[in-house]
Amino acid sequence: MTKNITNIGVMMSCFDEVESVSFAIQNFRKYYPDNKIFIFNESKEDYTFLLEKYDNIKIKNDKDTMSFYYKYPIHDVYLLPEFQEKIQEAFLTFLDRINKTIEYTQSEYLILMDPDVLVRGVLNIPSNVNLLGSLRNKGIPLETKKVLQEVEGSIIIDEWGATPGIFKVETFQKAYNKFISIPNLLSKLTKSWSSFYAHDVIIPILFSLIGEKEYLNMDFTECNTDPDWQTNQKKLVHHYKKYYKDVETRFPFFKEI
């Protein structure tokens with residue numbers, strides 16, 4: 001049994017994708033005209049025009065936690081102290097942003113949107129499901145599974161993809177509180193896998209600490225993997241990069257839409 005999600009807040013982290021962010025919010029507002037949105041801007045771009053255009057939006061110009069991942073072969077260097085420091089900072093900053101968004105939106109559910117997420121309908125969630133994602137990725141490292149095995153009440157997962165993730169706020173808070181209560185858990189996790197800067201990894205692992213797994217979101221579709229994404233009527237589109245600055249060189253497909 002599913003239900004329409006109406007009491008949902010939005011957290012969006014962005015960089016310089018101004019036109020894409022504007023388009024994403026414009027479409028979200030068609031179906032959620034009053035829901036609160038918290039935008040965290042990691043660039044020097046100005047997003048304040050959105051405050052004049054829409055109600056219930058908050059913007060925070062924040063630290064850049066992601067750019068360095070595109071400058072280095074992270075898998076080769078992530079265990080070095082300087083990179084462990086950056087990965088852990090990105091991890092904790094992301095969780096802090098979620099907590100700030102929860103405080104602002106006061107919503108039952110939260111959706112983690114990126115600039116390349118397109119909402120094209122009222123979203124649904126099955127009863128008794130606390131985390132929805134794509135489950136498009138498989139193969140969590142053995143070292144990470146060993147860390148999870150050490151945590152009482154956790155479950156071992158092997159699939160993930162919580163971008164855009166939708167979760168119940170109450171369940172996230174329970175998982176977050178357990179995470180911060182376990183000494184050295186952050187360090188153990190970030191040393192077990194090079195991918196702990198990624199939001200779609202962090203959330204499923206956090207939920208697994210309290211025995212909650214990610215479920216497939218039946219509203220989900222993806223532009224770069226689903227050939228029928230334009231016509232399949234699914235309401236949550238990922239990798240919608242039509243309005244990215246580098247669309248002509250990196251995503252030429254969208255110029256034909």
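Rules used in this analysis
Residues numbered from 1 in each chain as written. Predicted model: local features only at pLDDT ≥ 70, side-chain atom pairs only at ≥ 80, totals over all residues. Heavy atoms only, no water. 1 Å grid on protein atoms, 1.4 Å probe; cavity = no way out; pocket = protein on both sides within 12 Å on 5 of 7 lines; lining within 4 Å. Points joined across faces, edges and corners; volume = space filled by probe spheres on them. Helix = DSSP H or I, 4+ residues; strand = E, 2+ residues; numbered from the N terminus. Nonpolar A, V, L, I, M, F, W, Y, C, P; charged D, E, K, R; others polar. Axes fitted to C-alpha atoms, helices over the stretch in contact; angles between N-to-C directions. Parallel < 35°, antiparallel > 145°, perpendicular 65-115°, else oblique. Contact = heavy atoms within 4.5 Å. Buried < 20%, exposed > 50% of the residue type's maximum accessible area, 1.4 Å probe, protein only. Pairing = 2+ DSSP bridges. Phe/Tyr/Trp six-rings, centres within 6.5 Å; stacked < 30°, edge-to-face > 60°. Lys NZ or Arg CZ within 6 Å of the ring centre and 35° of its normal.

A. Spotlight on empty space enclosed by the protein. Scanning all chains against the criterion turns up one cavity of 30 Å³ or more. Its volume calculated, the largest cavity comes out at about 60 Å³. Taken together, Met11, Ser13, Phe94, Leu112, Met113, Asp114, Thr163 and His199 make up the lining of the largest cavity. Looking at the lining of the largest cavity, the elements that each hand over two or more residues are β2 (8–14) and β5 (109–113). Tallied by class, the residues present in the lining of the largest cavity amount to four nonpolar, three polar and one charged.

B. How the structure looks around the packing of helix α4 (residues 81–105) against helix α8 (residues 199–208). Two elements in contact, α4 and α8, have axes separated by 11 Å at closest approach and are oriented at 70 degrees. The angle between α4 and α8 places the two elements in the roughly perpendicular class. Every residue of α8 that contacts α4 at Phe91, Phe94, Leu95 and Ile98 is listed here: His199, Ile202, Ile203 and Leu206. Looking at side-chain class alone, the contact of α4 with α8 contains seven nonpolar, one polar and no charged residues.

C. Geometry of the pairing of β2. Taking burial as the measure, the seven residues of β2 include seven buried ones, the bulk of the element. Burial of the side chains of β2 extends over both faces: Ile8, Val10, Met12 and Cys14 are buried on one face and Gly9, Met11 and Ser13 on the other. By the bridge criterion, five bridges tie β2 to β5 in an arrangement that is parallel. When the sheet's bridge partners are listed, isoleucine 8 is paired in β5 with tyrosine 109.

D. Structural view of the packing of aromatic side chains. A complete count under the given rule lists 13 aromatic pairs for this structure. Ring geometry for phenylalanine 38 against tyrosine 104: centres 5.7 Å apart, planes inclined by 80 degrees, an arrangement best described as edge-to-face. Of this pair, phenylalanine 38 sits in strand β3 (residues 37–41) while tyrosine 104 is found in helix α4, placing the two residues 66 residues apart along the sequence. In this structure, phenylalanine 38 and tyrosine 104 share a single accessibility class: buried. Their ring planes at 90 degrees and their centres at 5.1 Å tell us that tryptophan 160 and tryptophan 193 sit as a pair that is edge-to-face. Placement of tryptophan 160 in strand β10 (residues 159–160) and of tryptophan 193 in the loop between α7 (185–192) and α8 is noted, with a sequence separation of 33 residues between them. Tryptophan 193 matches tryptophan 160 in its accessibility class, with the two residues each being buried. Joined through ring pairs, the aromatic side chains of Phe91, Trp160, Phe179, Trp193 and Phe196 make up one cluster. Lying over the aromatic face of tyrosine 104, lysine 36 brings its terminal NZ or CZ to 5.0 Å of the ring centre.

E. Up close: the sheet that holds β5. Pairing is mixed in the open sheet, where seven strands are placed in the order β4-β3-β2-β5-β11-β8-β12. With partners counted over all chains shown, the strands left at the sheet margins are β4 (57–61) and β12 (215–216), one partner each. Those strands touched by helix α1 (residues 18–31) are β2, β3, β4 and β5, and its axis lies near 175 degrees from that of β3. The strands touched by helix α6 (residues 169–181) are β5 and β11 (166–168); relative to β11, the strand with the most contacts, the crossing angle is about 80 degrees.

F. Spatial organisation of the side chain of serine 208. Along the chain, serine 208 turns up in helix α8. Judged by relative accessible area, which is 0%, serine 208 ranks as buried. Among all residues touching serine 208, those that are not within four sequence positions of it are Leu148, Gly153, Ser154, Ile155 and Ile157.

G. Summary view of the sheet that holds strand β14 (residues 236–238). The mixed open sheet is built from three strands, whose spatial order is β6-β14-β13. Single-partner strands in this sheet number two, and they are β6 (118–119) and β13 (220–222).

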